[in-house]
Amino acid sequence: MDSCRGILVTVSASVRRMTAVAAVSAAAVGAVALPASAADYHHGRHHRDSVYISSVRYDAPGRDDRSNRALNREWVDVTNNSRRPVNLDGWTLADRDGHTYTFHHYRLAGRSTVRVHTGYGHDTRSDVFQDRNRSVWDRSDTATLRNDHGRFVDDASWGRDRDRDRDHRGDRGHRR
């Protein structure tokens, strides 16, 4: 009986050791695989994002006389790089101070850009207007694009904000 008990104990100890080794191995593989998949998702996400802020003109050339013409030389470009159109109805574009433009009944065609001007004008497929009588975009600011559920889509920063924001989102080559 003692010899059988010894075998059972030995088998049991071996099984415990193998289980422990398997658990440690699985944990090690999981620890390595998890950051890799998280990194792939994070980096791959930018490739899957179809709508983003592609360009900003915050300090329009010419006189800053607060005329409608001067205000419309200040703009933000929003680009859809996918083949499919995107319904931007309810999406918002806001500055750091909370000035917010909301897209109404606007569908951004695939592989196209819409320019969001600050001043007054007649909306077209390629240009929409915030209908403001004062400048929105400061010399150091951040433009933030959110979808119709208020979820972050993209942002673009310039001036002092650009260096601060580059640390957390990287520089994706936006002209600012």
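The coordinates are above.
Our subject in this report is the structure included herewith. (Residues numbered from 1 in each chain as written. Predicted model: local features only at pLDDT ≥ 70, side-chain atom pairs only at ≥ 80, totals over all residues. Heavy atoms only, no water.)

1. Here's the deal with the packing of aromatic side chains
Here a ring pair, both rings aromatic, is described through the centre-centre distance and the interplanar angle of the planes.
And step 1. Evaluation of the coordinates by the stated rule reveals four aromatic pairs.
And step 2. For the ring pair Tyr 101 and Phe 103, a centre distance of 5.1 Å and an interplane angle of 75° mean the geometry is edge-to-face.
And step 3. A connected cluster of aromatic rings, assembled from ring pairs, spans Tyr 58, Trp 137 and Trp 158.
And step 4. Positioned above the aromatic ring of Trp 75 is the side chain of Arg 115, whose terminal nitrogen or guanidinium carbon lies 3.5 Å from the ring centre. (Phe/Tyr/Trp six-rings, centres within 6.5 Å; stacked < 30°, edge-to-face > 60°. Lys NZ or Arg CZ within 6 Å of the ring centre and 35° of its normal.)

2. Things to note about the side chain of Asp 154
And step 1. Tracing the sequence through the fold places Asp 154 in strand E10 (residues 152–158).
And step 2. Of the residues examined, Asp 154 reaches a relative accessible area of 1% and is grouped as buried. (Helix = DSSP H or I, 4+ residues; strand = E, 2+ residues; numbered from the N terminus. Buried < 20%, exposed > 50% of the residue type's maximum accessible area, 1.4 Å probe, protein only.)

3. Observations regarding the nonpolar core
And step 1. Ranked by size, the top nonpolar core spans 23 residues in total, and within it Ile 53, Val 78, Leu 88, Trp 91, Leu 93, Phe 103 and Leu 145 carry the most contacts.
And step 2. Elements with a minimum of two residues in this core: strand E1 (51–57), strand E2 (75–80), strand E7 (112–117), strand E9 (141–146) and E10.
And step 3. Ignoring any residue separated from it by four or fewer positions in sequence, one finds Leu 88 in contact with Val 51, Phe 103, Tyr 106 and Leu 108. (Core = buried A, V, L, I, M, F, W, Y, C linked by side-chain atoms within 4.5 Å. Contact = heavy atoms within 4.5 Å.)

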